[in-house]
Amino acid sequence: MQQTSKSELAARLLAVDISQIERRDRLQLAEYLWHSVATLPDASKLAAVECRKLNRRIKLYRDSPFTGTQWNDVKERLSWY
């Protein structure tokens, strides 16, 4: 089975409704798209401000782990939503 090149798939995608592309080629396209995203620099890293906020909350918890509200109480309080 011959693989379709990336440029051929892109051209077909632009020219034809995707539902008209063979299943095998759509799967190939999905694989190409996945790999193009997976090889990008990690976009899921926290921004500096988010990291500081998270570290502050972790420190607050470690300093006083029993302060706050139990998860079951939070769920009960929000159960009317």
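The model shown is predicted, which means the values in this text are computed figures rather than measured ones.

Engineer: I would appreciate a short explanation of the pattern of salt bridges in the present structure.
Structural biologist: Side chains that differ in sign of charge can pair as their charged atoms come close. Going through the model one piece at a time under the given rule, you end up with three salt bridges. Two residues, Glu22 and Arg24, come together in a salt bridge whose shortest N-O distance is 3.5 Å.

Engineer: Before we go on, may I ask you to explain helix α2 (residues 23-38) in this structure?
Structural biologist: Here α2 spans 22 Å end to end across 16 residues, near enough to the 22 Å set by a 1.5 Å rise per residue. The complete set of buried residues in α2 reads Asp25, Gln28 and Leu29. The buried side chains of α2 occupy one side of the element, clustering within an arc of 100° when seen end-on. Residues of α2 that are exposed and angled more than 90 degrees away from the buried face: Arg23 and Trp34.

Engineer: How should I be thinking about the confidence of the model for the protein chain in this particular structure?
Structural biologist: Averaged over all residues, the pLDDT of the protein chain is 82; the fraction at 70 or higher stands at 89%. When the elements of the protein chain are averaged for pLDDT, helix α1 (residues 6-15) gives the smallest value, 76, and helix α3 (residues 48-63) the largest, 92.

Engineer: Would you explain α3 in this entry?
Structural biologist: Helix length check: α3 (16 residues) gives 22 Å between terminal C-alpha atoms against 22 Å at 1.5 Å per residue, within 8%. Of all 16 residues that make up α3, zero are buried, and the element is exposed over most of its length.

Scoring rules and cut-offs
Residues numbered from 1 in each chain as written. Predicted model: local features only at pLDDT ≥ 70, side-chain atom pairs only at ≥ 80, totals over all residues. Heavy atoms only, no water. Salt bridge = Lys/Arg side-chain N within 4 Å of Asp/Glu carboxyl O. Helix = DSSP H or I, 4+ residues; strand = E, 2+ residues; numbered from the N terminus. Expected span 1.5 Å × (residues − 1). Buried < 20%, exposed > 50% of the residue type's maximum accessible area, 1.4 Å probe, protein only. Arc of directions from axis to C-beta. pLDDT = per-residue confidence, 0-100.

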